[in-house]
Amino acid sequence: MKRIGIEVQRLFRKKKHGMEVVALELIKELQQMDHKNEYVLFVKDDEDNTCISETPNWKIKTLSGKTYFDWEQFSLPKAIKNERIDFLHSTCNTSALRSINPLLLTLHDIIYLEKIDFKGTAYQNFGNLYRRFVVPRVAQKSKFIITVSHFEKEVICEKLKLPEEKVKVVYNAVNKKFNNQYERSLVEGIRKKYNLPHSFILFLGNTAPKKNTGNVIDAYAKYCGSISDPLPLVILDYDRQLIIERLKANKQEELFKNFILPGFISSDEMPLLYNAATLFLYPSLRESFGLPILEAMGCGTPVITSSTSSMPEVAADAALFVDPYNVNDITKKIEDLISNPELQSELIKKGLQRSADFTWNKAARELMDIYEMM
């Protein structure tokens, strides 16, 4: 029997990002399948502190800390020592530099080591600098590193000069709630709640440069200019003023009427939103995995994504690919997919099959195999 520590500092925050979603899914699976080992979850208290519960062999340890740095570099090492764990699994790219326990590190990506252009928010820029300092050091001291695609493994091994056998690939997966079996009334309910039309393009907006929001806005504007009745573009959790400024710079302010900005939509409502969408647009510049691709596919929504980084590995032949740097290519693929019902049906069928290959149960079993090696 082992006593395993899992660091999930931001697991309890209400607006979970991809890394916290992945950690939560894996923990839920591990709780169901492993009743032998003991686990200690190290978290910071926040609004969503009921998303996971203690069980006989799972303990939740809430640690204090005013900042991300303070929590990870001071509170966490003290707690690790007090809990006497056999090893620590840090799940979100960084870890305590002073930890003396054997360390297993999940590195979702190392984009921040490749380039920092300071085009993001102050918070994002600071986070990138922090990771740039910490990640190479904790990667060297880790016994193993987990990453989420073979593309990212190659990048990590080359950039950090690590042997291939040290880096293990465990794919992300799709929660079963992302499916196309919802009653029509529920899907129509989400349309009504957020005042959405019958047909629309869905895009997950983000101020992070890699999300390529600027090129998406430009490509969509070109699409609007090419036909008389364009589908609206729904962008989640994005600042309307940034869209207005982008359109104004291109003298296209009149197109703002075609944008719909419902704000933040919870994870529980996202399957219904995918189901309601005509197509899902995900032309990111760089991803280590690209979980929304599989979520949309699981809901029977055809996907346009990028031909770069991990996205072809994840989507296989079940998506329409674009050059994310080429605005004209993004525009053309939007037009091609919307105007071709047969292509839509083909991508829907292939997408449902592809998403079914990625389960959290499989991912958790692969993770347990690595735990046995620690």
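Preceding block: the structure.
Note that the structure is predicted; figures quoted are calculated from it, not measured. (Residues numbered from 1 in each chain as written. Predicted model: local features only at pLDDT ≥ 70, side-chain atom pairs only at ≥ 80, totals over all residues. Heavy atoms only, no water.)

Glancing now at the sheet that holds strand E6 (residues 144-147). Taken in spatial order, the 7 strands of this open sheet run E3-E2-E1-E4-E5-E6-E7, and their pairing is parallel. The sheet is open, and its two borders are formed by strand E3 (58-62) and strand E7 (167-169), each paired with just one other strand. Within this sheet the neighbouring strands show an average axis-to-axis angle of 20°, counted without direction. Alignment of strand E2 (residues 38-43) against E3, held across 5 bridges, turns out to be parallel. Across the sheet, the residue bridging to Phe42 is Lys61, located in E3. Together, strand E1 (3-7), E2, E3 and strand E4 (87-90) form the strand contacts of helix H2 (residues 68-83), whose direction differs from that of E2 by roughly 155°. (Pairing = 2+ DSSP bridges. Helix = DSSP H or I, 4+ residues; strand = E, 2+ residues; numbered from the N terminus. Axes fitted to C-alpha atoms, helices over the stretch in contact; angles between N-to-C directions. Contact = heavy atoms within 4.5 Å.)

Next up on the list: a negative patch on the surface. Judged by side-chain charge, Glu154, Glu158, Glu164 and Glu165 come together as a negatively charged surface patch. Among the secondary structure elements, Glu164 is positioned in the loop between helix H5 (150-160) and E7. (Patch = residues over 30% accessible without salt bridge, like charges linked within 9 Å, V, L, I, M, F, W, Y side chains within 5 Å. Areas by Shrake-Rupley, 256 points an atom, 1.4 Å probe, with all protein chains shown as cover. Salt bridge = Lys/Arg side-chain N within 4 Å of Asp/Glu carboxyl O. Lys, Arg positive; Asp, Glu negative; His and termini not counted. Charge placed at Lys NZ, Arg CZ, Asp CG, Glu CD.)

Looking along a regular strand, one sees side chains alternate from face to face of the sheet. Of the pairings in the sheet, the one linking strand E9 (residues 233-236) to strand E10 (residues 259-263) comprises 3 bridges and is parallel in character. Within the sheet, the bridge partner assigned to Val234 lies in E10 and is Ile260. Note on the crossover from E9 through helix H8 (residues 240-249) to E10: the handedness is right-handed. (Right-handed = clockwise from strand over helix to strand, strands pointing away.)

Moving on, we come to the packing of helix H10 (residues 291-298) against helix H13 (residues 341-355). Two quantities define a packed helix pair, namely the angle between the axes and the distance from one axis to the other. One way to put it is that H10 packs onto H13 with a least axis distance of 7 Å and a crossing angle of 120°. Between H10 and H13 the crossing geometry is left-handed. Contact with H10, carried on its side by Leu294, Met297 and Gly298, involves Gly351, Leu352, Arg354 and Ser355 of H13 and no other residues of that element. Across the contact of H10 with H13, the residue classes tally to 3 nonpolar, 3 polar and 1 charged. (Left-handed = near helix turned anticlockwise from the far one by under 90°. Nonpolar A, V, L, I, M, F, W, Y, C, P; charged D, E, K, R; others polar.)

Below, the discussion takes up the pairing of strand E11 (residues 279-282). Here E11 shows two buried faces, one formed by Leu279 and Leu281 and the other by Phe280 and Tyr282. Judged from the 3 bridges that link them, strand E8 (residues 201-203) and E11 form a sheet pairing that is parallel. Bridge assignment links Ile201 to a residue of E11, and that residue is Leu279. With 3 bridges joining them, E11 and strand E12 (residues 303-306) adopt parallel strand pairing. By the bridge assignment for E12, Leu281 is matched with Ile304. Following the chain from E11 across H10 to the adjacent parallel E12, one finds a crossover that is right-handed. (Buried < 20%, exposed > 50% of the residue type's maximum accessible area, 1.4 Å probe, protein only.)

Scope: geometric values only; no functional claims are made or implied.
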